[in-house]
Amino acid sequence: MVTVNLNLEIDEKKVAEILKDIARDKMGGWFELPKKYDMGEFAKIKEVAKKIQDESEYLVCIGIGGSYLGHRALIEALRPKSATKIIYAGNSLSRKELDFALEKVGDHDFSVNVISKSGTTLEPAIAFSEFKKKLIEKYGEEAANERIYATTDAKVGALHDEAVANNWVRFVVPDNIGGRYSVLTAVGLLPLAVAGIDVDKLLEGAASAVEEAVLPAAKYAFMRYALGKKNYDTEVFASFEPATRYFNEWLKQLFGESEGKNKQGIFPAAVIYSTDLHSLGQFMQDGRRNLFETIINYPTDELNMKVVQAVKVAHAEGGIPVLDIGVSSYDEKGFGELIYFFELACAVSAKLFGVNPFDQPGVEAYKNELKKLMAEG
Ligand code: PA5
């Protein structure tokens, strides 16, 4: 179970109202997902993962934002040992990165999981067209179609239509679950299963958090809201395990996109200690006091634990409010709990700030501007 070190009274009536609100929201499908998982879909994910493992040395996961950060976070953190390696593409518009991914696949056997809820996002669309070309060149059109797995909307979008036309195996991003809350759907579960992550344990962890996380998540949300209102406008997530760098990235997206609207929210930043104590440590200790620190306390070795203790004391003395989130185990179950805890805390927190946790009008604004520029040539 995820723990928080806060001795804080919360308004339980308000929490109950917010939870009801989330459960009723048309984008609140993640709220009970771990308890109501579609087992037919789950079985299909495992079956397809096995097929990909049998025939491919690489699975190229193409997607951006919520369509890749969650599964990348877990794969990097847990370092699973499947012989099929995961490669990421379509998460930037850098030609160098795309060429690097194409070269890495080289002549190896590979499959592609293209993930886009809207099916129209530019970054994955460009990368996908290159990898599709490579698949066709290597295997011919018919066999290439058997190596493409599309995770997208059930009914609409360019990717959906292309998948139907070419008979690709499809997985659905549920209508009522947005990108950054989708890691426990096929968006995350297919790449995770291929990588060798125990997805049963992951969902088990998340399911146990559905009830257990409510109180700690609400406490944490109320605390960060109170700090935000006192002009602590930046939250620094601090981890002491370098392999969790992408979990920090997932957190930044989750909180940034959910909360940063109507001129509200707390800016999410992240550090890895002790590494970053030698770059950002000075600022944390003695710089401008507009930030608070949320330590994600993964079970770790004895020496690293001493660093955790030293940081807590030193930063508190330096005038930084330090929150401490305890992770029960460094494995699939622990991360399942942690994902659900943060999703819930983030949604509650955004509601306290009076913003919609589930839309992202700012991201759409950038996408539309870029489309206009591309059309101008
Ligand atoms: O959380 C979100 O909704 C966004 O970050 C999306 O995941 C991201 O923009 C990618 O969108 P799509 O999956 O439609 O390609």
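Higher on the page you've got the structure.
Residues numbered from 1 in each chain as written. Predicted model: local features only at pLDDT ≥ 70, side-chain atom pairs only at ≥ 80, totals over all residues. Heavy atoms only, no water.

(A) Spatial organisation of the overall build of the protein. Helix and strand content of the protein: 15 helices and ten strands. Relative to its length of 377 residues, the protein is compact, with a C-alpha radius of gyration of 21 Å against a globular reference of 21 Å. Looking at the 377 residues of the protein, the share that counts as buried comes to 54%. Contacts in the protein between residues far apart in sequence, at least 24 positions, make up 82% of those at least 6 positions apart. (Helix = DSSP H or I, 4+ residues; strand = E, 2+ residues; numbered from the N terminus. Rg over C-alpha atoms; globule rule 2.2 N^0.38 Å. Buried < 20%, exposed > 50% of the residue type's maximum accessible area, 1.4 Å probe, protein only. Contact = heavy atoms within 4.5 Å.)

(B) Quick peek at the environment of Val164. Structurally, the position occupied by Val164 is in helix 7 (residues 158-166). Overall, Val164 belongs to the partly exposed group, its relative accessible area being 42%. Measuring from C-alpha to C-alpha, the distance between Val164 and Asn91 comes to 24 Å, with 73 residues separating the pair along the chain.

(C) Structural context of a negative patch on the surface. Side chains of Glu9, Asp11, Glu12 and Glu17 sit close together on the surface and give a patch of like negative charge. Structurally, Glu12 can be placed in helix 1 (residues 12-24). (Patch = residues over 30% accessible without salt bridge, like charges linked within 9 Å, V, L, I, M, F, W, Y side chains within 5 Å. Areas by Shrake-Rupley, 256 points an atom, 1.4 Å probe, with all protein chains shown as cover. Salt bridge = Lys/Arg side-chain N within 4 Å of Asp/Glu carboxyl O. Lys, Arg positive; Asp, Glu negative; His and termini not counted. Charge placed at Lys NZ, Arg CZ, Asp CG, Glu CD.)

(D) The arrangement of the packing of helix 9 (residues 199-212) against helix 10 (residues 214-229) in detail. In the contact formed by helix 9 and helix 10, the axes pass within 6 Å of each other and the chain directions differ by 70°. Taken as axis vectors, helix 9 and helix 10 run roughly perpendicular relative to one another. Contact residues: Ala209, Val210, Glu211 and Glu212 in helix 9; Val214, Leu215 and Pro216 in helix 10. Residues that form the contact of helix 9 with helix 10 fall into these classes: five nonpolar, no polar and two charged. (Axes fitted to C-alpha atoms, helices over the stretch in contact; angles between N-to-C directions. Parallel < 35°, antiparallel > 145°, perpendicular 65-115°, else oblique. Nonpolar A, V, L, I, M, F, W, Y, C, P; charged D, E, K, R; others polar.)

(E) Local environment of the nonpolar core. Core analysis: the largest hydrophobic core is formed by 87 residues, its most contacted members being Trp30, Tyr220, Phe247, Trp250, Leu338 and Phe342. Every residue in contact with Tyr220, bar those within four places of it in the chain, is listed here: Val4, Leu6, Glu235, Phe237, Phe255, Thr294, Leu323, Ile325, Phe341, Phe342 and Ala345. (Core = buried A, V, L, I, M, F, W, Y, C linked by side-chain atoms within 4.5 Å.)

(F) Main features of the pattern of salt bridges. Going through the model one piece at a time under the given rule, you end up with 20 salt bridges. Notably, a salt bridge pairs Asp359 with Lys261, separated by 2.8 Å at the nearest N-O pair. With Asp359 in the loop between helix 14 (332-352) and helix 15 (361-376) and Lys261 in the loop between helix 11 (245-259) and strand 8 (267-272), the pair connects residues that are 98 residues apart, well separated along the chain. Since its relative accessible area comes to 27%, Asp359 is described here as partly exposed.

(G) Examining the site of the ligand more closely. Near the ligand, the surroundings consist of 14 residues, among which Ser67, Ser116, Ser118, Thr121 and Gln253 are the closest. Within the contact set of the ligand, an oxygen atom lies 2.7 Å away from a side-chain nitrogen or oxygen of Ser67. Its residues assigned to classes, the shell around the ligand shows one nonpolar, nine polar and four charged. (Near = heavy atom within 4 Å. Polar contact = N/O pair within 3.5 Å; in protein donor to acceptor, adjacent residues only side chain to side chain.)

(H) How the structure looks around the sheet that holds strand 9 (residues 291-297). The strand order across the open sheet built from five strands is 1-10-9-7-8, with neighbouring strands paired in mixed fashion. Edge positions in the sheet fall to strand 1 (3-4) and strand 8, since each of these pairs with one other strand and no more. Pairing of strand 1 with strand 10 (residues 322-326), which is carried by two bridges, proceeds in the antiparallel orientation. The residue of strand 10 that forms the bridge with Val4 is Ile325. Contacts from helix 13 (residues 302-317) reach strand 9 and strand 10 within the one sheet, and its direction differs from that of strand 9 by about 160°. With respect to the sheet, helix 14 is in contact with strand 1, strand 7 (234-239), strand 9 and strand 10, its orientation differing from that of strand 10 by roughly 140°. (Pairing = 2+ DSSP bridges.)

(I) Representation of the packing of aromatic side chains. This model, assessed by the stated rule, comprises 26 aromatic pairs. Geometrically, the ring pair formed by Tyr220 and Phe341 is stacked, given 5.8 Å between the ring centres and 25° between the ring planes. Of the two residues, Tyr220 sits in helix 10 while Phe341 sits in helix 14, which places them 121 residues apart along the sequence. Between Phe341 and Phe342, the ring centres sit 5.1 Å apart and the planes meet at 75°, which makes this aromatic pair edge-to-face. Phe342 matches Phe341 in its accessibility class, with the two residues each being buried. Here Lys44 stacks its cationic end above the ring of Phe171, 4.6 Å away from the centre of that ring. (Phe/Tyr/Trp six-rings, centres within 6.5 Å; stacked < 30°, edge-to-face > 60°. Lys NZ or Arg CZ within 6 Å of the ring centre and 35° of its normal.)

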